[in-house]
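# An overview of the molecular structure
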Amino acid sequence: AYYLNDRAQEAGQFLRQYREAGFPGFKGVVADNLIQHPRTIRVVGVPTASMQAKVAGELYGEGRGVKGEGQEKIPPSTPRSSSLAKTAIVLADESLLVPVLYSLDESVTELNVTMGLSLRQSLLFTLIDTLFEMQRTMAEIRTKDGRDIRIPKFHHRQVIKLLNHPFVRHYERVQPLTGIDQTGNERPLLGLIIEEIVASQRVYLGEKELLALGNGDPLFRVLFSRWPADKPLVAIQAFYDLIDLLRAVYRDTQDAIEMEYLYLFYSLLKQLETTLLKQQPANPKSPTQNPQPEIPNSPVTLRSFRQFLNELIRQTTIPFTSDGNSALQVMGMLETRALDFERVIVLSANEGILPQSRRLNSLIPFDISREKGLPTYRDQEAVMAYHFYRLLQRADEVVLLYTTSPDAYGSSKGEPSRFLRQLEHELVPATRDAATGQSRTVLTKPSVRIGKPTDTLVSPDLIVPKTDSILTALKERLTKRGLFPTALNQFVSCSMAFYFARVVGIAEEEDIDEKLGIGEFGDWLHQTLETLDIQYRMAHLPVTEEVVKQVLAEKFMTLMKGRVVDSGMNMLLYDTAQKLMLDFVAQQNQLTNLAIISTEQTLDSVLLVPLDGGEVLPVRVAGKIDRIEQYNHSIRIIDYKTGKVDLPAKTPADLPDKLRHDGKMGKIRQLWVYKYLVLKHIAERGGLPRGAGHQELYPVSAALPVEAGFYSFRDVAGGLKANPVHFVADETPAQYMAESEEVLRQIIRDMLDTTQPFVRTDTLSTCQYCDYKGICGR
C-alpha cells in the first residue's frame, strides 16, 4: 500500500496500471509488510568504490560472528542477525563483483552468484586493449645516419604497461624468465628490462630491440610483432599464439577463471576469423605452388576489427554455477525480483547508479514518446524503484552503501541515491506507531574508519626530532661524503626536504620523459662545454661553428639515447641549445688572455667544527665547479646557468645571518662556497688542480684576485655575472676564509642542534617544485 496507493511513488507505477486496467489475477494489497514489518536500515558513506567491497565483506562476517582485523566495526543494528540468516549482497554496479568476492572472509565457502562475470571486466581484456593501443601508437623513426628510412617502433609507455601486466608477470614466474643484473645476480627478466628501458631513456623501441631484451622468448615474439593496418588476420594469429602460451602456464596452476577467459576469447576470435575469411578473395595459386601463402589484405581494417572484437567482448560473460540454497546470494538489482532476504547489503546506492542516469537511447523525442505511451527513462526508473522497495519488504536488516567521492562515478558526482532520501524522509515517518510514537523502521548513519580504535590523528605540524641515530647518520655524511652547496641550500631553504633527501635518502622515482627536462638540458650543455674546453681550448685548438655542432650532436646521442628530435618540443629545444652554444662560443672567442685551468672539478677542504661536550667534528666541505679560468690577471670561478640569474649589485646587509637563514640566497651561497674552496686550495697548495684526479697543479699566486660568478646563457652578451659577497671592505683572502669558516661552523651546528628539529619551510613558494611536497601535504 505504501507505494501502490501513493501516485507520487514511482515504485507503484506498473502495479497501478495493472489495477486500473483490470489485469487478471490482480488481488490488490494482501499484506502491508513495508510499513508493518520492523527493520533496521544503516546508510553508510565510504570514500571509494573499492572500499564498499571491503565494508560489505566486513558486514557479512559480522553477521556470521567473524571478526575482522584493522577495522572499527560498524555498530550492529539488530540482535536478530545470525549465521543462518539469508543474506543478499546486491550490486547496483555489477563491475564490483570481483572486488566483493575477494573481500569475503576465507571461511565463506558456500555462496551463490546469480550474475555473469563480464569478459570486459577481466584482466584479459586489459591485456588485449593494451596490445591494440601499442599497435595504434606505433611511430616511424628516421634512421640516425640521416637516411630517409623510417623504422616502426613501439612507444615505451605501452611496452612497460604490457610488461607489468599480471598475465605477462604470471608467465614470467611459471616459465621462469630470468636475467643477470649488473652485479652478477640472477633476477626476474621483466624487471631488468624495465630498468634498462628507464635507465637508457628509450622512448621508442623496435621489434629487434625488444626481442634482444627478452632473450628471444616466444612471448616477446608474439607481443612485439607489428600488425599491418589492413591485415586483421595477422592480429588474430598473434592472439592465437598468445592464447597457446598463456593456456600452458594457467593449465599448470589450475586457474579456472583465467582458463575460462582464454576459452571464451578463443571462441570470439574463431567467430570473427570465420567472418573475415568469407570476405577474402580466392587464392589462384595451388598449395604446391605456394605452400605458405601470404595473408591477403582485408576490406576490414585493424581499427574496425578492434571495434567488432570489443563489441563481442562486451556482450560475453562467464556464468557461475552454484547452489541456490546458499546462505549468501550475490546478485544484481534486477535479479532480486520477487525474492525475500533477512539481511540485505546494497552497494553503489548512488544517484546515477541507483537508478541509472537518465539517457534517451531513441530517435523519438521524449515528449512524443510520453504522448504516445512509448517507454521512456521514467519507466526504467519505476522498474528500479519497484525492485528496491520490494527488496526491503521482509528484510530485518538493511545496509545501504554509497560512495562520497565526486570521482567515484562520472554520473553520480558522489551523491547518495534519491531512494535513500525517500527512506529517511518518507518511509521512516510512515512506519511510526500511532500509540507509541516509535517507528518500526529505524534508520541510522554510522561511519567507517580504517585502523585500530586507539589510533590517533597525525598532527598537522610535521616535525622530525633529531634522535641519536639521526645525529650519527648526519655526522657520518658530513665527515665522509661531505657538505656540498646543494645540500647547504636545501637545509637553509627547508630542513624537512634536507632530512628526506640527505638523511633518509628518499630519491625521486626514475621515469622516462619524452621531452628534455630542465636538468637534462643543463647536463647536456655542461658536458658539451666541458668537452670543448678539454679537447680544444686547453689543447689550444680553434673552436669553430662546425666543432660546436659536432660535439653538441655527439653529447646528445650519448646522453639522450632514445629521444627523438625529428619533431615536437625536442626539435625546438635542440635548435635552442645549438643557438645558445654558438652564441656563447662566439663571445668566448672574442676574449683575449683567457686560459682554462680546469672544468667540472671537485674541490674539497676539511673544516674542524667544535661541538658541545668537547667533540671536534672534521667536516668535509666540497663543491663541483663547472670551470676555473684565468682572465686578465685574475682567477674566475664559473658556474653555468641555463635559467635566469638575478644577483644584487652590492653585498646584502647582515650577510652572515642571511647566509645562515635566507632561503632566497641560494645562488649567492653557492658561489660563496666555491670562492672559499678556491682560496683555500691556493693558500694551502700554491695553486689549483688541473685535470682529473688532482694530478697536475696549475700554479696560482696568492696575490691574484679571485672572483666567482655565473655565465647565463639567457644573457651571453652580459658576460660574467659576479657574486657580490664581501664580509668587510678591502678584505684579504685570509679574512674571507676566516669569516666563511665561522658562518659554515654555525650552519653545521644548526644541523646538529637537537633543539632545532627538522620542520617544513614557511615559504610556500619553495614547495612549488619540491619533490617531497606530496609527503608534506603541501
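Structure: see above.
This section reports on the structure supplied with the text. (Residues numbered from 1 in each chain as written. Predicted model: local features only at pLDDT ≥ 70, side-chain atom pairs only at ≥ 80, totals over all residues. Heavy atoms only, no water.)

## Considering a nonpolar patch on the surface
- Among the surface-exposed residues, Ile364, Ile368 and Leu374 lie close enough to one another that they form a single nonpolar patch of about 230 Å² accessible area.
- Structurally, the position occupied by Ile368 is in helix 14 (residues 366–371).
- Ile368 sits in the partly exposed class, given a relative accessible area of 45%. (Patch = residues over 30% accessible without salt bridge, like charges linked within 9 Å, V, L, I, M, F, W, Y side chains within 5 Å. Areas by Shrake-Rupley, 256 points an atom, 1.4 Å probe, with all protein chains shown as cover. Salt bridge = Lys/Arg side-chain N within 4 Å of Asp/Glu carboxyl O. Helix = DSSP H or I, 4+ residues; strand = E, 2+ residues; numbered from the N terminus. Buried < 20%, exposed > 50% of the residue type's maximum accessible area, 1.4 Å probe, protein only.)

## Section: the nonpolar core
- Counting residues in each nonpolar core, the largest one holds 85 residues, and the members touching the most others are Phe224, Phe239, Phe305 and Leu309.
- Apart from residues lying up to four places away in sequence, Phe305 is in contact with Phe132, Pro232, Ala235, Ile236, Phe239, Leu269, Leu272, Leu276 and Val300.
- Leu474, Tyr499, Leu611 and Leu671 belong to the second largest nonpolar core, which has 61 residues in total. (Core = buried A, V, L, I, M, F, W, Y, C linked by side-chain atoms within 4.5 Å. Contact = heavy atoms within 4.5 Å.)

## Remarks on the sheet that holds strand 16 (residues 594–610)
- Strand order in the open sheet formed by 5 strands is 16-17-18-21-22, with mixed pairing between adjacent strands. The open sheet has two free edges, formed respectively by strand 16 and strand 22 (720–722), since each of these has just one partner strand. The sheet shows a mean angle of 45 degrees between the axes of neighbouring strands, taken without regard to direction.
- The pairing of strand 21 (residues 706–712) with strand 22 spans 3 bridges and is antiparallel. (Pairing = 2+ DSSP bridges. Axes fitted to C-alpha atoms, helices over the stretch in contact; angles between N-to-C directions.)

## A few points about the pairing of strand 11 (residues 328–332)
- Most of strand 11 is tucked away: 5 of the 5 residues are buried.
- Of the two faces of strand 11, the one lined by Leu328, Val330 and Gly332 and the one lined by Gln329 and Met331 are each fully buried.
- Both strand 2 (residues 87–91) and strand 11 contribute to a ladder of 5 bridges, which runs parallel. Counterpart to Leu91 in the pairing with strand 11 is Gly332.
- As paired strands, strand 3 (residues 111–113) and strand 11 are joined by 3 bridges and run parallel to one another. Bridging from a neighbouring strand, Leu111 pairs with Leu328 of strand 11.

## Details of the packing of helix 5 (residues 123–136) against helix 7 (residues 166–174)
- Contact geometry for helix 5 and helix 7: axes closest at 9 Å, N-to-C directions at 100 degrees. Put simply, helix 5 runs roughly perpendicular to helix 7. For the pair formed by helix 5 and helix 7, the contact residues are Leu123, Leu124 and Leu127 on the first element and Pro166, Phe167 and Val168 on the second.
- By residue class, the composition of the contact of helix 5 with helix 7 is 6 nonpolar, no polar and no charged. (Parallel < 35°, antiparallel > 145°, perpendicular 65-115°, else oblique. Nonpolar A, V, L, I, M, F, W, Y, C, P; charged D, E, K, R; others polar.)

## Regarding the environment of Arg418
- Tracing the chain through its elements places Arg418 in helix 16 (residues 418–430).
- With 68 residues separating them in the primary sequence, Arg418 and Asn350 have C-alpha atoms 8.0 Å apart.
- Here Arg418 is in contact with Glu10, Glu351, Pro355 and Glu381, once residues within four sequence places are set aside.
- Here the side chain of Arg418 touches Glu381 through a polar contact of 3.0 Å, side chain to side chain. (Polar contact = N/O pair within 3.5 Å; in protein donor to acceptor, adjacent residues only side chain to side chain.)

## Observations concerning the packing of helix 20 (residues 518–537) against helix 21 (residues 545–559)
- Taken N-terminus to C-terminus, the directions of helix 20 and helix 21 make an angle of 130 degrees; their axes are 9 Å apart at the nearest point. The orientation of helix 20 relative to helix 21 falls into the category oblique. Like other packed secondary-structure pairs, helix 20 and helix 21 cross with a definite hand, here right-handed. Contacts between helix 20 and helix 21 involve Asp523, Trp524, Leu525, Gln527, Thr528, Thr531, Leu532 and Tyr536 from the former and Val547, Val548, Val551, Leu552, Lys555, Phe556 and Leu559 from the latter.
- Classifying every residue of the contact of helix 20 with helix 21 by side-chain character gives 10 nonpolar, 3 polar and 2 charged. (Left-handed = near helix turned anticlockwise from the far one by under 90°.)

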